[in-house]
Each structure stands twice: as C-alpha cells, then as structure tokens.
Amino acid sequence: MYLTPQHVLLAGATGLTGEHLLDRLLNEPTITRVLAPSRRPLAEHPHLENPVGDPQAFLPQLSGRVDIAYCCLGTTIKQAGSEEAFRAVDLDMVVAFAKRAREMGARHLIVISALGADRRSSIFYNRVKGEMEYALRAQDWPQLTICRPSLLLGDRSEPRLGEQLAGPLSKLIPGKYRGIEACQLARAMWRLALEEQDGVRVVESDELRKLGK
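Residues numbered from 1 in each chain as written. Predicted model: local features only at pLDDT ≥ 70, side-chain atom pairs only at ≥ 80, totals over all residues. Heavy atoms only, no water.

Within an unreviewed UniProt entry, the label attached to the protein chain reads Oxidoreductase, and the organism entered is Pseudomonas ekonensis.

What follows concerns the overall build of the protein chain. Along its length, the protein chain carries 8 helices and 9 strands. With 213 residues in all, the protein chain has 47% of them scored as buried. Pairs at least 24 apart in sequence give 70% of the contacts found in the protein chain among residues at least 6 apart. (Helix = DSSP H or I, 4+ residues; strand = E, 2+ residues; numbered from the N terminus. Buried < 20%, exposed > 50% of the residue type's maximum accessible area, 1.4 Å probe, protein only. Contact = heavy atoms within 4.5 Å.)

Here we come to the side chain of Asp90. Along the polypeptide, Asp90 turns up in helix α4 (residues 83-103). At 3.0 Å, the side chain of Asp90 and the backbone nitrogen of Thr75 are in polar contact. The residues contacting Asp90, other than those within four sequence positions of it, are Gly74, Thr75, Val128, Lys129 and Met132. (Polar contact = N/O pair within 3.5 Å; in protein donor to acceptor, adjacent residues only side chain to side chain.)

Okay, the sheet that holds strand β9 (residues 199-204) next. Here 7 strands make up an open sheet; going across it, the order is β3-β2-β1-β4-β5-β6-β9 and the pairing parallel. Where the open sheet ends on each side, the last strands, each with one partner, are β3 (48-49) and β9. Sheet strands touched by helix α1 (residues 16-26): β1 (7-11), β2 (33-35), β3, β4 (68-71) and β5 (108-112). Its angle to β1, the strand with the most contacts, is close to 165°. Its contacts with the sheet place α4 against β1, β4 and β5, and it is angled at close to 170° to β4. (Pairing = 2+ DSSP bridges. Axes fitted to C-alpha atoms, helices over the stretch in contact; angles between N-to-C directions.)

Structure below.
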C-alpha cells in the first residue's frame, strides 16, 4: 500500500544527505509542510518551517502534527571532539528527536544508521549506531525504517579527508560495501516513505542504491 505524507519532520537538513532530501521534499507537490529545525538558517520556502538554534533547547517546543519523520543526524568523532560528544549526537539526539516525532503523531520514522551497525561491536562507531537502532526499536514505532548506507559520497561543505581518500576506491567494491551517493540515499529515503508496512525494516546499502536510481 502506498501513502503520500503531507506533513514532514526532518532532522539534519544541513548535512550532506539532509540537504538533498530537503530539496526533494520541498519540490514534492503533495507535501504542504516541512518542519526542519537546524543550527543555521535554511533557504526560505513557503512550505518550510525552520526553527534555528540548539536542537536540544527547542525540540520540546516543536508543534503541529506530522505524518512522517526523517532523521539524517550524524557526525564524526573528529568533528564532535570526543567519543562522548559523538555519542551525544549519534545516539542521544537521534533518540530524543524520534521520541518527539512520535509525540507529534508521526507513525513512520526513517533514520540513517550505518553499514555494520551492531550494539555488540568492538568498533566504537558501529557500536553506537547499533545502540541507536536498538533504542529506536524499543520506542515501538508502528513503522521504522533503518537505512544502513556504506561510505557516503558527495560534496560536503566541510570535506572529510577520510571520505575523500576512500571515496574513489569505494566505488569499485561490490555489493553493499560500495560507496553510495548522498543524492541516491535521499531518493531512496523518499521512496521508502511511500511504502506502508508494519514493523521494522532494515535496508542495506546495495538496496538503497537500487531504490535511489
């Protein structure tokens, strides 16, 4: 069954994938409202509501009913400054955003996780992503879609050296380990929003690439 969401809540609209997703959402004629809180202002649009500031401060103040929520939040340990600060964004903030989205009426959450996410992993990054997925499952969403992309490719406003070095090689790797363009991921996330089904769906990177063509 396919439904078209009209009221959307989006976190991470200034990020690599979030920017592509926001552009797509604002150009969908069926969508009448995109609520996208961010730390810095977004370009104005008649269908966009953009509270600006510290997300943790204004998250409880978000209002109005939403049909669906997208979470594109994510950072790196280098950008965050420490493992603790990384966890505060990629785990705590994601879980808090999801909780608020559910309170606002969203029945479907689509979230970006990562390839290899596993809360029992010995790799800190993968373990935090796994803990995030586990926490979201515990929120008992009617519909939860977890996207696990491999290395994200695209032009960032703040380039990441590791991605720049690994990007060309990742395009040669087969299957779900091959890098994925952020614009492809955004298209895949929109198409996943049109699918209505109960429960949790985990979408690996190779399937995301196919959906995003």
